[in-house]
Amino acid sequence: MFNRLRVVLISSVVLTAALPIAAQQTAARIKIDTDRAIGEVHPHIFGNFAEHLGRCIYGGLYEPGSKLSDDNGYRKDVMEAIKGLGVTMLRWPGGNFVSGYNWKDGIGPRTLRPVRPEGAWGALEPNTFGTDEFLKYSERVGVDPYICINAGLGTVEDARQWVEYTNESRDTYWAQQRRKNGRDKPYGVKYWGLGNEIDGPWQLGHKNSEDYTKFALEAAKAMRRADDSIKLIASGSSNFRAGSDWIGWNRAVLEKLRGEIDYISLHTYIGNRENDFERFLSVSQDIDERIEVVEGLIRAVQSGHPGERPINIAYDEWNVWYRARGNSEFATGSTRLEEIYNYEDALAMGMFFNSFIRHANIVKMANLAQIVNVIAPIFTNKDGLFLQPIYFPIAEYSKQRGNVAVDAFVKAPTYTAAANRKPLSYLDVSVTHDVKTGMLFVNVLNRSAKMDIPARIENVTGTLDSAAEIWQMNHSDLKATHTFGDDKKVRPTTQKANLAVAGNSFSYTFPKHSLTILKVRVK
């Protein structure tokens, strides 16, 4: 795996400036200037999502009576895996599920909670895991809770009362109900979504932009009067199908809700149906474009209103998802969305995070969908769990939270993924800087299926240390997967290195179809 490093000492790896003659013409250049700050890598871009779907909640997070669960019914092994993943925020209860969900069904004595047919995915909902269970779970695993309201079949008053139940400290009706259910102190839920994918015709209570913005504006008003400290996420477009006007939806939402919302959401799922690795990882062009278009819309609607509430992007559903699907919502639900991920999917995690980091000035929240069993990095059965290949890049990138994203210059070989596409670099790069320690994190995805790419990494501000650490995912089989008892083969390696720094730069060869994080201190 590290045989492409230029080794000149037996005791340690050394990256040297003197390459073999065949590689004298360096194929790529990455230039880093820590003064070119983009913005903070917000901790919330390492968020996640738990929906009442398949075995995400029941049999995933929550399994009362299991030998692996605690007294609250929470799976202890899953909690430990979530902590190891570096999750900072958890979105709940949906997803499509929430557009038919009545939160009041999920509070009070569990034996008295109604079982309901669930209209999004075609299952029965026992309601034994509700608001209190979710918020206590969030406290246990140390994440910020993010609740999405029912903007489909729900009402403004339902939303207002939900905020009162979770956050009210005074002696009101819904605060008293919370106390009767065993929680005296308010939960203080700060992040609230104003519905999920309401522009999608698949959604219960689907609305056009005019009807949605009327509802969302009144919901925002009522919810803020219950607690004016909350942050609100508007339902941005998730409908990128032919003939849809996703830009028009987002423009209307921003124009009508500016001054009330703190975020607008984006959702993206990708897949490799064509079995074309390089085309699969070229979707970063779509991710970048969607972010940049919405950022432009935000700037446009806020032009002339300099003191108005800032609006950022919440990329609150994203992942690889294309195998476990059906031709309808209920058919998809019957698959339980139990996607088995492979090595190339793990590389796609780096592609998503690189885009979020490059847009750290505007992307302040992102939530992988989902946390366990359902299109997830963690997969369980009654006896244990295994970690899917996508788990490891997520966990490693999460260590960069709070760093400053740096605008790096990248020049590398390019390719064109489709006839209507612009050429893009084989090297997909993001850089972050820990200002406190001086550590640089150079995140590089080589999306070439066949070509190792030598690069010169140049530093402008400060002096590069010679000591470095190299984290890398590199496997010969793009389709390699994990399963129970066999989740060790697609895992990263970490190696110390001594850099042969010359002229405040060094050389490194990025292996084909690999993800590398170079960590080096700038003095």
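Scroll up to find the structure this text is about.
Here's a quick rundown of the structure. (Residues numbered from 1 in each chain as written. Predicted model: local features only at pLDDT ≥ 70, side-chain atom pairs only at ≥ 80, totals over all residues. Heavy atoms only, no water.)

1. Comments concerning the sheet that holds strand β22 (residues 453–459)
Moving on, step 1. Strand order in this open sheet of four strands is β17-β2-β22-β25, and the pairing throughout is mixed. Both edges of this open sheet fall to β17 (409–411) and β25 (505–510), since each of them pairs with a single strand only. Taken pair by pair, the neighbouring strands of this sheet meet at an average axis angle of 15°, ignoring direction.
Moving on, step 2. One ladder, built from six bridges, connects β22 with β25; its direction is antiparallel. Counterpart to Ile-453 in the pairing with β25 is Phe-510. (Pairing = 2+ DSSP bridges. Helix = DSSP H or I, 4+ residues; strand = E, 2+ residues; numbered from the N terminus. Axes fitted to C-alpha atoms, helices over the stretch in contact; angles between N-to-C directions.)

2. Observations concerning the packing of aromatic side chains
Within a pair of aromatic rings, the relevant descriptors are the distance that separates the centres and the angle that separates the planes.
Moving on, step 1. Taken as a whole, this structure holds 34 aromatic pairs when the rule is applied.
Moving on, step 2. Note that Arg-55 overlies the ring of Phe-379, its terminal NZ or CZ placed 5.4 Å from the centroid.
Moving on, step 3. Directly above the ring of Phe-240 sits Arg-290, whose terminal nitrogen or CZ lies 3.7 Å from the centroid. (Phe/Tyr/Trp six-rings, centres within 6.5 Å; stacked < 30°, edge-to-face > 60°. Lys NZ or Arg CZ within 6 Å of the ring centre and 35° of its normal.)

3. Side note on the pattern of salt bridges
Moving on, step 1. For the structure shown, the criterion picks out 42 salt bridges.
Moving on, step 2. As a salt-bridge pair, Glu-317 and Arg-91 come within 2.9 Å of each other at their nearest N and O atoms. You can see Glu-317 sitting in strand β12 (residues 312–320) and its partner Arg-91 sitting in strand β5 (residues 89–92), a full 226 residues away along the chain.
Moving on, step 3. Under the relative-accessibility criterion, Glu-317 is labelled buried at 4%.
Moving on, step 4. One salt bridge connects Arg-258 with Glu-308, and the closest N-O pair in it is separated by 2.5 Å. (Salt bridge = Lys/Arg side-chain N within 4 Å of Asp/Glu carboxyl O. Buried < 20%, exposed > 50% of the residue type's maximum accessible area, 1.4 Å probe, protein only.)

4. With respect to the packing of helix α6 (residues 246–257) against helix α8 (residues 284–302)
Moving on, step 1. Packing of α6 against α8 leaves a shortest axis separation of 10 Å and a crossing angle of 35°. Judged by the sense of rotation from one axis to the other, the crossing of α6 with α8 is right-handed. Taken together, the residues of α8 that come into contact with α6 (itself represented by Trp-246, Ile-247, Asn-250, Arg-251, Leu-254 and Glu-255) are Arg-290, Val-293, Val-294, Leu-297, Ile-298 and Val-301. (Left-handed = near helix turned anticlockwise from the far one by under 90°. Contact = heavy atoms within 4.5 Å.)

5. Concerning helix α5 (residues 209–226)
Moving on, step 1. Spanning 18 residues, α5 covers 25 Å between terminal C-alpha atoms, matching the ideal 26 Å at 1.5 Å per step.
Moving on, step 2. Tyr-212, Thr-213, Phe-215, Ala-216, Ala-219, Ala-220, Ala-222, Met-223, Arg-224 and Ala-226 are the residues of α5 that are buried.
Moving on, step 3. In the core, the buried residues of α5 are packed alongside α3 (156–167), β9 (191–194), β10 (231–234) and α6. (Expected span 1.5 Å × (residues − 1).)

6. Comments concerning the environment of Arg-491
Moving on, step 1. One can find Arg-491 in the loop between β23 (464–474) and β24 (493–499).
Moving on, step 2. For Arg-491 and Pro-389, which are 102 residues apart along the polypeptide, the C-alpha to C-alpha distance reads 6.8 Å.
Moving on, step 3. Residue contacts for Arg-491: discarding those within four places in its chain leaves Leu-387, Phe-392, Met-473 and His-482.
Moving on, step 4. A distance of 2.7 Å separates a polar side-chain atom of Arg-491 from the backbone oxygen of Asp-487. (Polar contact = N/O pair within 3.5 Å; in protein donor to acceptor, adjacent residues only side chain to side chain.)

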